[in-house]
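Residues per chain, in single letters:
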Amino acid sequence: MYSAEVFNQTHADTLVVAKAEAISPYDIERLPIRIRSVDKFLLGGFPRGTGYTVIAGSRGKGKSTVVNQIVAQALEMQKGVLMYSGEKSCGTARGDLEATLAGPFGMECVRIPEKKINGYTMDAHNEYRINAKYKKLIRASYGDLFSFYNPSGSNFDHLLKTVSDFADCGGEVVIVDNVMMLESAISNSSIKASEDRRRLQSGLVALAQLAIDRNLWIFVVAHTKKEQAGYHPEDLSDLVRGESVVTDAASLVLFYQMPSGEPDSKDRVIKISKNRDFGDLNVEKGFRVAFDPSSRRIYDPNNTSEELGYKYLWQRSAETFPERYGLEVEDIIHNMSRSDDVVNAARASKDAELAQLKARAAEKRAKQRKAEAVKDVALNVRAEKLGVEF
(Lines give C-alpha, C1' and ligand atoms only; values in the text may rest on other atoms or scores of the structure.)
Protein backbone atom coordinates (compact mmCIF):
# COMPACT_ATOMS: atom_id res chain seq x y z
CA MET A 1 0.00 0.00 0.00
CA TYR A 2 1.22 3.51 -0.89
CA SER A 3 2.53 5.71 1.94
CA ALA A 4 2.82 9.49 1.43
CA GLU A 5 5.08 9.67 4.49
CA VAL A 6 7.57 7.14 3.05
CA PHE A 7 7.50 8.80 -0.39
CA ASN A 8 8.12 12.20 1.19
CA GLN A 9 11.23 10.90 2.99
CA THR A 10 12.90 10.17 -0.34
CA HIS A 11 11.44 13.11 -2.27
CA ALA A 12 12.01 16.37 -0.42
CA ASP A 13 10.03 18.38 -3.01
CA THR A 14 6.75 16.64 -2.09
CA LEU A 15 4.36 17.35 0.78
CA VAL A 16 2.01 15.16 2.79
CA VAL A 17 -1.40 16.70 2.11
CA ALA A 18 -2.92 15.48 5.40
CA LYS A 19 -0.34 17.55 7.29
CA ALA A 20 -1.03 20.76 5.38
CA GLU A 21 -3.31 23.44 6.79
CA ALA A 22 -6.58 23.52 4.83
CA ILE A 23 -7.20 26.94 3.27
CA SER A 24 -10.64 28.18 2.23
CA PRO A 25 -11.15 31.14 -0.15
CA TYR A 26 -12.81 32.83 2.82
CA ASP A 27 -9.60 32.54 4.86
CA ILE A 28 -7.32 34.27 2.33
CA GLU A 29 -6.28 37.87 2.98
CA ARG A 30 -7.76 40.27 0.42
CA LEU A 31 -6.64 43.56 -1.12
CA PRO A 32 -9.69 45.67 -2.08
CA ILE A 33 -9.91 48.00 -5.05
CA ARG A 34 -12.50 50.11 -3.19
CA ILE A 35 -15.26 49.46 -5.75
CA ARG A 36 -18.06 47.81 -3.79
CA SER A 37 -19.54 45.65 -6.56
CA VAL A 38 -16.13 44.27 -7.59
CA ASP A 39 -14.86 43.73 -4.03
CA LYS A 40 -18.08 41.94 -3.09
CA PHE A 41 -17.76 39.63 -6.10
CA LEU A 42 -14.14 38.86 -5.14
CA LEU A 43 -15.07 38.10 -1.51
CA GLY A 44 -13.45 41.32 -0.34
CA GLY A 45 -10.78 41.94 -2.97
CA PHE A 46 -7.83 40.37 -4.75
CA PRO A 47 -6.55 37.18 -3.07
CA ARG A 48 -3.06 37.06 -1.61
CA GLY A 49 -0.48 34.42 -2.48
CA THR A 50 -2.51 32.57 -5.13
CA GLY A 51 -0.48 33.51 -8.23
CA TYR A 52 -0.59 36.72 -10.21
CA THR A 53 -3.57 38.80 -11.37
CA VAL A 54 -3.71 40.09 -14.96
CA ILE A 55 -5.17 43.56 -15.53
CA ALA A 56 -5.95 43.81 -19.24
CA GLY A 57 -7.33 46.54 -21.45
CA SER A 58 -6.75 48.67 -24.54
CA ARG A 59 -4.09 51.37 -24.64
CA GLY A 60 -5.09 54.66 -23.06
CA LYS A 61 -8.40 53.37 -21.66
CA GLY A 62 -7.51 53.44 -17.95
CA LYS A 63 -5.52 50.38 -16.88
CA SER A 64 -3.07 52.64 -15.04
CA THR A 65 -6.00 54.16 -13.14
CA VAL A 66 -6.97 50.68 -11.94
CA VAL A 67 -3.35 50.11 -10.87
CA ASN A 68 -3.24 53.45 -9.01
CA GLN A 69 -6.36 52.55 -7.08
CA ILE A 70 -4.91 49.16 -6.10
CA VAL A 71 -1.62 50.77 -5.02
CA ALA A 72 -3.49 53.45 -3.02
CA GLN A 73 -5.42 50.77 -1.14
CA ALA A 74 -2.26 48.76 -0.49
CA LEU A 75 -0.53 51.81 0.98
CA GLU A 76 -3.64 52.61 3.02
CA MET A 77 -3.25 49.13 4.54
CA GLN A 78 0.45 49.89 5.19
CA LYS A 79 1.64 47.30 2.65
CA GLY A 80 5.00 47.71 0.97
CA VAL A 81 4.65 48.17 -2.81
CA LEU A 82 7.15 47.60 -5.64
CA MET A 83 6.29 48.88 -9.13
CA TYR A 84 8.00 48.10 -12.40
CA SER A 85 6.88 50.14 -15.39
CA GLY A 86 8.27 50.09 -18.88
CA GLU A 87 5.95 52.95 -19.81
CA LYS A 88 6.24 55.61 -17.10
CA SER A 89 8.90 57.24 -14.93
CA CYS A 90 9.16 57.15 -11.16
CA GLY A 91 8.01 60.79 -11.02
CA THR A 92 4.95 60.05 -13.15
CA ALA A 93 4.06 57.09 -10.94
CA ARG A 94 4.26 59.35 -7.90
CA GLY A 95 2.12 62.07 -9.49
CA ASP A 96 -0.58 59.59 -10.53
CA LEU A 97 -0.68 57.95 -7.11
CA GLU A 98 -0.83 61.23 -5.18
CA ALA A 99 -3.71 62.50 -7.34
CA THR A 100 -5.68 59.38 -6.45
CA LEU A 101 -4.84 59.78 -2.76
CA ALA A 102 -5.75 63.48 -2.85
CA GLY A 103 -9.26 62.86 -4.16
CA PRO A 104 -11.88 65.63 -4.52
CA PHE A 105 -10.84 67.04 -1.13
CA GLY A 106 -7.17 67.57 -1.99
CA MET A 107 -7.41 68.55 -5.67
CA GLU A 108 -8.04 72.06 -6.95
CA CYS A 109 -8.85 73.47 -10.38
CA VAL A 110 -6.19 75.92 -11.59
CA ARG A 111 -6.69 78.24 -14.57
CA ILE A 112 -3.62 78.16 -16.83
CA PRO A 113 -3.36 81.29 -19.01
CA GLU A 114 -2.42 81.26 -22.68
CA LYS A 115 1.34 80.99 -23.17
CA LYS A 116 3.95 80.27 -25.81
CA ILE A 117 6.19 77.20 -25.61
CA ASN A 118 8.91 76.70 -28.25
CA GLY A 119 7.08 78.99 -30.64
CA TYR A 120 3.69 77.29 -30.21
CA THR A 121 0.78 79.03 -28.51
CA MET A 122 -0.92 76.95 -25.84
CA ASP A 123 -4.55 77.91 -25.27
CA ALA A 124 -5.75 78.91 -21.82
CA HIS A 125 -7.20 75.89 -20.00
CA ASN A 126 -8.07 74.39 -16.62
CA GLU A 127 -5.84 71.86 -14.87
CA TYR A 128 -6.47 69.79 -11.77
CA ARG A 129 -3.57 69.95 -9.35
CA ILE A 130 -2.96 68.83 -5.79
CA ASN A 131 -3.47 71.65 -3.32
CA ALA A 132 0.04 72.73 -2.25
CA LYS A 133 -1.05 72.81 1.40
CA TYR A 134 -1.64 69.05 1.38
CA LYS A 135 1.30 67.75 -0.68
CA LYS A 136 3.59 67.17 2.27
CA LEU A 137 0.91 65.42 4.30
CA ILE A 138 -0.07 63.19 1.38
CA ARG A 139 3.55 62.22 0.80
CA ALA A 140 4.09 61.49 4.48
CA SER A 141 1.06 59.16 4.51
CA TYR A 142 2.84 56.56 2.37
CA GLY A 143 6.45 57.75 2.84
CA ASP A 144 8.79 54.79 2.83
CA LEU A 145 6.31 52.15 1.60
CA PHE A 146 6.51 52.64 -2.18
CA SER A 147 9.50 51.55 -4.33
CA PHE A 148 9.96 51.93 -8.09
CA TYR A 149 11.99 49.29 -9.93
CA ASN A 150 14.09 51.00 -12.61
CA PRO A 151 16.47 48.44 -14.18
CA SER A 152 19.05 49.29 -16.82
CA GLY A 153 17.64 46.46 -18.93
CA SER A 154 14.32 44.60 -19.06
CA ASN A 155 15.44 41.12 -17.99
CA PHE A 156 12.88 38.75 -16.48
CA ASP A 157 15.40 36.88 -14.34
CA HIS A 158 16.56 40.12 -12.75
CA LEU A 159 12.93 41.07 -12.03
CA LEU A 160 12.34 37.74 -10.28
CA LYS A 161 15.46 38.25 -8.14
CA THR A 162 14.36 41.81 -7.29
CA VAL A 163 10.86 40.65 -6.30
CA SER A 164 12.34 37.93 -4.09
CA ASP A 165 14.62 40.48 -2.38
CA PHE A 166 11.62 42.80 -1.98
CA ALA A 167 9.73 40.02 -0.18
CA ASP A 168 12.77 39.45 2.07
CA CYS A 169 12.47 43.10 3.14
CA GLY A 170 8.80 42.66 4.07
CA GLY A 171 7.27 43.87 0.78
CA GLU A 172 3.88 42.46 -0.14
CA VAL A 173 2.49 44.02 -3.35
CA VAL A 174 4.17 43.95 -6.79
CA ILE A 175 3.04 45.75 -9.97
CA VAL A 176 4.46 44.71 -13.37
CA ASP A 177 3.42 47.26 -16.04
CA ASN A 178 3.48 45.96 -18.65
CA VAL A 179 4.56 42.37 -19.09
CA MET A 180 5.48 42.71 -22.77
CA MET A 181 8.26 45.17 -21.90
CA LEU A 182 10.01 42.70 -19.63
CA GLU A 183 12.19 40.64 -21.91
CA SER A 184 14.45 42.60 -24.23
CA ALA A 185 15.02 39.50 -26.35
CA ILE A 186 11.36 39.42 -27.37
CA SER A 187 11.28 41.03 -30.77
CA ASN A 188 7.58 41.90 -31.00
CA SER A 189 4.36 41.89 -28.99
CA SER A 190 2.73 39.01 -30.87
CA ILE A 191 5.45 36.60 -29.65
CA LYS A 192 5.60 34.76 -32.95
CA ALA A 193 8.97 33.14 -32.32
CA SER A 194 8.59 29.91 -30.36
CA GLU A 195 11.77 30.54 -28.35
CA ASP A 196 10.57 33.99 -27.29
CA ARG A 197 7.21 32.52 -26.35
CA ARG A 198 8.83 29.78 -24.29
CA ARG A 199 11.07 32.27 -22.49
CA LEU A 200 8.16 34.52 -21.54
CA GLN A 201 6.03 31.58 -20.47
CA SER A 202 8.82 30.27 -18.25
CA GLY A 203 9.24 33.69 -16.63
CA LEU A 204 5.52 34.09 -15.96
CA VAL A 205 5.22 30.61 -14.45
CA ALA A 206 8.14 31.47 -12.16
CA LEU A 207 6.46 34.77 -11.25
CA ALA A 208 3.21 32.97 -10.35
CA GLN A 209 5.12 30.47 -8.21
CA LEU A 210 6.98 33.30 -6.51
CA ALA A 211 3.64 34.88 -5.56
CA ILE A 212 2.59 31.59 -3.98
CA ASP A 213 5.89 30.77 -2.27
CA ARG A 214 6.39 34.28 -0.83
CA ASN A 215 2.69 34.99 -0.20
CA LEU A 216 2.61 38.11 -2.40
CA TRP A 217 0.03 40.07 -4.35
CA ILE A 218 1.41 40.37 -7.89
CA PHE A 219 -0.41 42.30 -10.61
CA VAL A 220 0.62 41.98 -14.26
CA VAL A 221 -0.63 44.66 -16.66
CA ALA A 222 -1.22 43.58 -20.27
CA HIS A 223 -2.52 45.30 -23.41
CA THR A 224 -5.30 43.81 -25.49
CA LYS A 225 -5.11 43.37 -29.24
CA LYS A 226 -6.56 45.93 -31.62
CA GLU A 227 -10.26 45.32 -32.09
CA GLN A 228 -11.31 43.70 -35.34
CA ALA A 229 -14.80 44.10 -36.75
CA GLY A 230 -16.88 40.98 -36.19
CA TYR A 231 -14.32 39.33 -33.92
CA HIS A 232 -15.96 38.18 -30.69
CA PRO A 233 -13.87 35.48 -28.98
CA GLU A 234 -15.61 32.98 -26.72
CA ASP A 235 -12.89 33.54 -24.11
CA LEU A 236 -11.94 37.15 -23.33
CA SER A 237 -8.42 35.97 -22.54
CA ASP A 238 -7.90 35.54 -26.29
CA LEU A 239 -7.93 39.35 -26.55
CA VAL A 240 -4.77 39.71 -24.44
CA ARG A 241 -1.56 40.37 -26.37
CA GLY A 242 0.55 37.29 -25.81
CA GLU A 243 -2.66 35.27 -25.55
CA SER A 244 -2.49 32.12 -23.41
CA VAL A 245 1.14 32.75 -22.46
CA VAL A 246 0.08 35.68 -20.28
CA THR A 247 -3.21 34.33 -18.90
CA ASP A 248 -2.49 30.59 -18.44
CA ALA A 249 -0.38 31.03 -15.30
CA ALA A 250 -2.66 33.76 -13.89
CA SER A 251 -4.96 33.05 -10.98
CA LEU A 252 -7.31 35.91 -11.90
CA VAL A 253 -7.85 37.94 -15.09
CA LEU A 254 -9.58 41.34 -14.94
CA PHE A 255 -10.59 43.26 -18.07
CA TYR A 256 -11.11 47.03 -18.02
CA GLN A 257 -13.11 47.91 -21.13
CA MET A 258 -15.31 50.44 -22.89
CA PRO A 259 -19.04 49.61 -22.59
CA SER A 260 -20.10 47.63 -25.64
CA GLY A 261 -21.70 49.82 -28.31
CA GLU A 262 -20.87 53.07 -26.48
CA PRO A 263 -17.66 54.40 -28.10
CA ASP A 264 -18.11 57.89 -26.63
CA SER A 265 -18.89 56.82 -23.08
CA LYS A 266 -16.62 57.95 -20.23
CA ASP A 267 -17.73 54.95 -18.21
CA ARG A 268 -15.89 51.65 -18.18
CA VAL A 269 -16.80 48.02 -17.52
CA ILE A 270 -14.83 45.63 -15.31
CA LYS A 271 -15.10 41.94 -16.21
CA ILE A 272 -13.59 38.91 -14.50
CA SER A 273 -12.78 36.29 -17.15
CA LYS A 274 -10.70 33.90 -15.03
CA ASN A 275 -10.95 33.15 -11.33
CA ARG A 276 -9.07 30.20 -9.86
CA ASP A 277 -9.89 31.49 -6.39
CA PHE A 278 -13.48 30.23 -6.29
CA GLY A 279 -14.48 29.85 -9.94
CA ASP A 280 -17.17 32.54 -10.41
CA LEU A 281 -16.83 34.69 -13.54
CA ASN A 282 -18.50 37.86 -14.76
CA VAL A 283 -18.02 38.24 -18.49
CA GLU A 284 -21.49 39.16 -19.72
CA LYS A 285 -22.52 42.55 -18.35
CA GLY A 286 -19.57 43.04 -16.00
CA PHE A 287 -19.47 45.83 -13.43
CA ARG A 288 -20.09 49.31 -14.80
CA VAL A 289 -17.94 51.99 -13.19
CA ALA A 290 -17.50 55.75 -13.57
CA PHE A 291 -14.31 57.83 -13.67
CA ASP A 292 -13.67 61.20 -12.06
CA PRO A 293 -10.96 63.06 -14.05
CA SER A 294 -10.06 65.48 -11.26
CA SER A 295 -9.15 62.83 -8.69
CA ARG A 296 -8.54 60.02 -11.20
CA ARG A 297 -10.69 57.71 -9.14
CA ILE A 298 -12.86 54.87 -10.41
CA TYR A 299 -16.12 54.31 -8.56
CA ASP A 300 -19.44 52.52 -8.64
CA PRO A 301 -22.14 55.11 -9.57
CA ASN A 302 -24.44 53.40 -7.06
CA ASN A 303 -21.96 54.05 -4.25
CA THR A 304 -20.60 57.49 -5.19
CA SER A 305 -20.29 59.00 -1.71
CA GLU A 306 -18.31 56.12 -0.21
CA GLU A 307 -16.01 55.56 -3.20
CA LEU A 308 -15.46 58.89 -4.97
CA GLY A 309 -15.59 60.63 -1.60
CA TYR A 310 -13.42 58.04 0.21
CA LYS A 311 -11.08 59.62 2.77
CA TYR A 312 -7.57 58.19 2.87
CA LEU A 313 -5.40 58.32 5.99
CA TRP A 314 -3.90 61.74 5.27
CA GLN A 315 -7.33 63.34 4.81
CA ARG A 316 -8.74 61.79 7.97
CA SER A 317 -5.70 63.13 9.84
CA ALA A 318 -6.08 66.61 8.33
CA GLU A 319 -9.78 66.83 9.20
CA THR A 320 -9.25 65.53 12.75
CA PHE A 321 -6.08 67.40 13.73
CA PRO A 322 -5.66 70.40 11.37
CA GLU A 323 -3.56 72.43 13.83
CA ARG A 324 -1.10 69.58 14.25
CA TYR A 325 -0.24 69.82 10.55
CA GLY A 326 -0.24 73.62 10.35
CA LEU A 327 -3.57 73.77 8.52
CA GLU A 328 -6.30 76.38 8.91
CA VAL A 329 -9.65 75.05 10.14
CA GLU A 330 -11.43 77.36 7.67
CA ASP A 331 -9.51 75.79 4.75
CA ILE A 332 -10.44 72.30 5.93
CA ILE A 333 -14.13 73.22 6.17
CA HIS A 334 -14.00 74.87 2.73
CA ASN A 335 -12.42 71.80 1.11
CA MET A 336 -14.83 69.43 2.86
CA SER A 337 -17.70 71.46 1.41
CA ARG A 338 -16.11 71.53 -2.07
CA SER A 339 -15.51 67.78 -1.91
CA ASP A 340 -19.16 67.22 -1.05
CA ASP A 341 -20.13 69.41 -4.02
CA VAL A 342 -18.00 67.30 -6.38
CA VAL A 343 -19.52 64.06 -5.06
CA ASN A 344 -23.08 65.43 -5.23
CA ALA A 345 -22.52 66.75 -8.75
CA ALA A 346 -21.19 63.35 -9.86
CA ARG A 347 -24.19 61.61 -8.31
CA ALA A 348 -26.64 64.07 -9.93
CA SER A 349 -24.94 63.65 -13.31
CA LYS A 350 -25.22 59.86 -13.10
CA ASP A 351 -28.85 60.08 -11.96
CA ALA A 352 -29.65 62.28 -14.96
CA GLU A 353 -27.81 59.91 -17.28
CA LEU A 354 -29.68 56.94 -15.83
CA ALA A 355 -33.02 58.72 -16.25
CA GLN A 356 -32.14 59.44 -19.87
CA LEU A 357 -31.20 55.80 -20.49
CA LYS A 358 -34.47 54.64 -18.90
CA ALA A 359 -36.42 57.08 -21.08
CA ARG A 360 -34.69 55.76 -24.21
CA ALA A 361 -35.38 52.18 -23.18
CA ALA A 362 -39.06 53.00 -22.54
CA GLU A 363 -39.29 54.71 -25.95
CA LYS A 364 -37.72 51.69 -27.61
CA ARG A 365 -40.17 49.32 -25.90
CA ALA A 366 -43.08 51.55 -26.94
CA LYS A 367 -41.95 51.45 -30.58
CA GLN A 368 -41.60 47.66 -30.40
CA ARG A 369 -45.11 47.30 -28.95
CA LYS A 370 -46.50 49.60 -31.68
CA ALA A 371 -44.75 47.61 -34.38
CA GLU A 372 -46.12 44.36 -32.94
CA ALA A 373 -49.64 45.85 -32.79
CA VAL A 374 -49.45 46.95 -36.44
CA LYS A 375 -48.23 43.48 -37.38
CA ASP A 376 -51.12 41.85 -35.48
CA VAL A 377 -53.65 44.09 -37.25
CA ALA A 378 -52.18 43.19 -40.64
CA LEU A 379 -52.34 39.48 -39.80
CA ASN A 380 -55.96 39.76 -38.69
CA VAL A 381 -56.95 41.57 -41.91
CA ARG A 382 -55.24 38.91 -44.00
CA ALA A 383 -56.86 36.15 -41.96
CA GLU A 384 -60.33 37.65 -42.51
CA LYS A 385 -59.74 37.77 -46.26
CA LEU A 386 -58.71 34.12 -46.22
CA GLY A 387 -61.58 33.19 -43.91
CA VAL A 388 -59.22 31.89 -41.25
CA GLU A 389 -60.03 32.26 -37.57
CA PHE A 390 -57.37 32.48 -34.86
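Draft legend 1. Representation of the packing of helix α5 (residues 132–142) against helix α10 (residues 313–320) in the model. Packing of α5 against α10 brings their axes to within 8 Å, and their N-to-C directions diverge by 130°. Judged by the inter-axis angle, α5 sits oblique to α10. Crossing of α5 against α10: the hand is right-handed. Two secondary-structure elements touch here, α5 through Tyr134, Leu137, Ile138 and Ser141 and α10 through Leu313, Trp314 and Ala318. For the contact of α5 with α10, the residue count by class is six nonpolar, one polar and no charged.

Draft legend 2. Broad picture of α5. Within the span of α5, buried status applies to Tyr134, Leu137, Ile138, Ser141 and Tyr142. One side of α5 carries all its buried residues, which in axial view fall inside an arc of 125°. When the buried face of α5 is taken as reference, the exposed residues oriented beyond 90 degrees from it are Ala132, Lys136 and Ala140. Close packing links the buried residues of α5 with α3 (63–76), α4 (90–106), β8 (125–130), β9 (146–149), α10 and α11 (329–386). Between a side-chain oxygen at the N-terminus of α5 and the backbone nitrogen of Lys133 the separation is 3.0 Å; the capping residue is Asn131. Trailing α5 by a residue or two, Gly143 shows a phi angle of about 30°, which is positive.

Rules behind the numbers
- Residues numbered from 1 in each chain as written.
- Predicted model: local features only at pLDDT ≥ 70, side-chain atom pairs only at ≥ 80, totals over all residues.
- Heavy atoms only, no water.
- Axes fitted to C-alpha atoms, helices over the stretch in contact; angles between N-to-C directions.
- Helix = DSSP H or I, 4+ residues; strand = E, 2+ residues; numbered from the N terminus.
- Parallel < 35°, antiparallel > 145°, perpendicular 65-115°, else oblique.
- Left-handed = near helix turned anticlockwise from the far one by under 90°.
- Contact = heavy atoms within 4.5 Å.
- Nonpolar A, V, L, I, M, F, W, Y, C, P; charged D, E, K, R; others polar.
- Buried < 20%, exposed > 50% of the residue type's maximum accessible area, 1.4 Å probe, protein only.
- Arc of directions from axis to C-beta.
- Polar contact = N/O pair within 3.5 Å; in protein donor to acceptor, adjacent residues only side chain to side chain.

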